[in-house]
Amino acid sequence: MEVQSGSQESKPVGTFEILHEDRHTGARAGRLWTQHGVIETPVFMPVGTQATVKSIEPRDLHEMQAQVVLGNTYHLLLRPGMEIMETCGGLHKFMGWNKPILTDRGGFQVFSLSGLRKIKPVGVEFQSHIDGARFFMGPKESMAVQRILGSDIAMCFDECIPYPCDEAYATNAVRQTLKWAKTCLEQPRAEGQLVFGIVQGGEFTELREYCATELAAMGFDGYAVGGVSVGEPEPFLLKGIRDGLRKLPWEKPHYIMGLGDLWQMSEAVRLGSDMFDCVIPTRNARNGAAFTRDGVYPVKAGEFKADLRPVEVGCDCPCCSNFSRAYIRHLLNVGEILGVRLLTLHNLHVYHKFMREMREAIFADGFKDWQEEQTRRLRCGDARTRGGK
RNA sequence: GGUGGUUUACCGAAGUGGCCAACCGGGGCAGACUGUAAAUCUGCUGGCUUACGCCUUCCUUGGUUCGAAUCCAAGAGCCACCA
């Protein structure tokens, strides 16, 4: 089937076009055609684990020009459950979002809920974090759930290992991941649903290269690098990305899972990555952190008690256009939900703008300079005093 | 005017002779957060110190005691009832 883009063009679902490659780096700007529309890359995908990007709604997402959001297999299977999801006609209809959705496969919960599961050859025995009920999820179950969810991009069920992790364990996890990837690929899917394979391998270069090579041979619609940003020091994180990308087909979309530090994303783009997701801008907003192009700062801090400047000077998001730091700080400190919502809007706005600028810089063959400038600001800038008085 | 009660750190509130620089809430401050068990979690919240520790504290003053936030006396503030 074919999809229409903003212009009158149309291409088959699953097509990934690299529109331009930066002349001086590995960065590229592209377009991924999905069942629910075109995704322009590099792209940041807000995380909407439980069928909502916490505290905001689709209208907000459209306004900030979000192109695709995440949903989570594990969490949505537990609640509301697939019977209801089927009745409601899938995740798009259920949550009122008509643009692309990528569903995470529940494999991350193998990592994040490590105390509540047992890994077996055919899948993972989970114990629900809600009521303790035991249930099983393997590649087949995960894909079945993602089919019902009807996401545009389904992720392969895999084993995400922690950091640190010894080589023997990592090797075994890669073996498992590859076996499950093959099974996933054989499962029935929703109409137009793409499937991405996930490279694991921890900090071990050969393992990651091996995993990537094997996955590439299976022929996925796109590829993800997983097992990064699981608490490892930044040099290991970047190494994991480089190792993961090295053997992947260059012409397919590259998704770095869970990566959400602005500078780290720019670095990953420089190496040839296209897609990112992360809870940082949303979760940290709820915890009072304001993201700016000059770094992060806690708006909750007392020094902003009477600060009339917007959260970020020069920002045109709904939060900064209308409200002061003093007000946002007040809302957060008295526990008013509006504070959380406004700061979430701001942070996501910053993220999306960052991605759009990256894309422009790539088209202009100026990615290197752009990134250097951003690095200076993000890592050495003073977020708190941005814009002077 | 009389009788009874009460007074603890920013607020509330434990503690009623040594284990008390004083439990616990709230508030305040700081930090953490990378595919969401997260509008969460951690630390600090008398002074000086990185810390060990030292110093000054539980309304005020005086006393009892080896030792007092804790017991006694007087005073002050607040509360209740009686006149």
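Trainee: Explain unusual backbone geometry to me, please; I cannot follow it from the model alone.
Mentor: Where the residue is not glycine, phi is negative for most of them; where a peptide bond is considered, it is trans in most cases. Residue proline 80 is reached from arginine 79 by a cis peptide bond, and omega for that bond is 10°. Take proline 80: it is sitting in the loop between α2 (73–78) and α3 (82–87). With an omega of 0°, the peptide bond running from tyrosine 163 to proline 164 counts as cis. With respect to the helices and strands, the residue proline 164 is situated in the loop between β12 (153–155) and α7 (167–186). Although it is not a glycine, aspartate 365 adopts a positive phi angle of roughly 55°. Looking at the secondary structure, you find aspartate 365 in the loop between α14 (337–363) and α15 (367–380). According to the relative accessible area criterion, aspartate 365 is buried, its value standing at 17%.

Trainee: Honestly, the protein's contact with RNA strand B in this entry has me stumped. Any pointers?
Mentor: Around RNA strand B sit 42 residues, and of these Phe108, Cys160, Ser229, Met257 and Val279 come closest. Atoms of RNA strand B within 4 Å of the protein belong to the sugar or the phosphate in 45% of instances, the rest to bases. Between a phosphate oxygen of RNA strand B and a side-chain N or O atom of glutamine 109, the distance comes to 2.6 Å. Note that a base nitrogen of RNA strand B is positioned 2.8 Å from one of the side-chain N or O atoms of glutamine 264. Elements with a contribution of two residues or more to the surface near RNA strand B: β7 (69–72), α5 (108–112), β16 (275–278), α11 (280–286) and α13 (325–334). The dominant element in the surface near RNA strand B, judged by the number of residues it contributes, is α11, at five residues. Broken down by class, the residue content of the surface near RNA strand B amounts to 15 nonpolar, 18 polar and nine charged.

Trainee: I keep staring at the environment of phenylalanine 135 and nothing clicks. Help me out?
Mentor: Of note, phenylalanine 135 is situated in strand β11 (residues 134–137). When the C-alpha positions of phenylalanine 135 and glycine 366 are compared, they lie 50 Å apart, and in sequence the two are 231 residues distant. Beyond its immediate stretch of four places on either side in the chain, phenylalanine 135 contacts Tyr74, Leu77, Leu78, Val124, Glu125, Phe126 and Ser128.

Trainee: Honestly, the pattern of salt bridges in this entry has me stumped. Any pointers?
Mentor: Charged atoms that come close allow side chains of opposite charge to pair. Using the criterion set out here, one finds 25 salt bridges in the structure. Among the salt bridges present, the one from arginine 379 reaches glutamate 234, with a minimum N-O distance of 3.1 Å. Taken as a pair, arginine 379 in helix α15 and glutamate 234 in helix α9 (residues 234–246) lie far apart in primary sequence, 145 residues in all. Each of Glu9, Lys11, Glu17 and Arg31 takes part in one network of salt bridges that share partners.

Calculation notes
- Residues numbered from 1 in each chain as written.
- Chains lettered and ligands numbered in written order.
- Predicted model: local features only at pLDDT ≥ 70, side-chain atom pairs only at ≥ 80, totals over all residues.
- Heavy atoms only, no water.
- Helix = DSSP H or I, 4+ residues; strand = E, 2+ residues; numbered from the N terminus.
- Buried < 20%, exposed > 50% of the residue type's maximum accessible area, 1.4 Å probe, protein only.
- Near = heavy atom within 4 Å.
- Polar contact = N/O pair within 3.5 Å; in protein donor to acceptor, adjacent residues only side chain to side chain.
- Nonpolar A, V, L, I, M, F, W, Y, C, P; charged D, E, K, R; others polar.
- Contact = heavy atoms within 4.5 Å.
- Salt bridge = Lys/Arg side-chain N within 4 Å of Asp/Glu carboxyl O.

So yeah, pure geometry; function would need other evidence.
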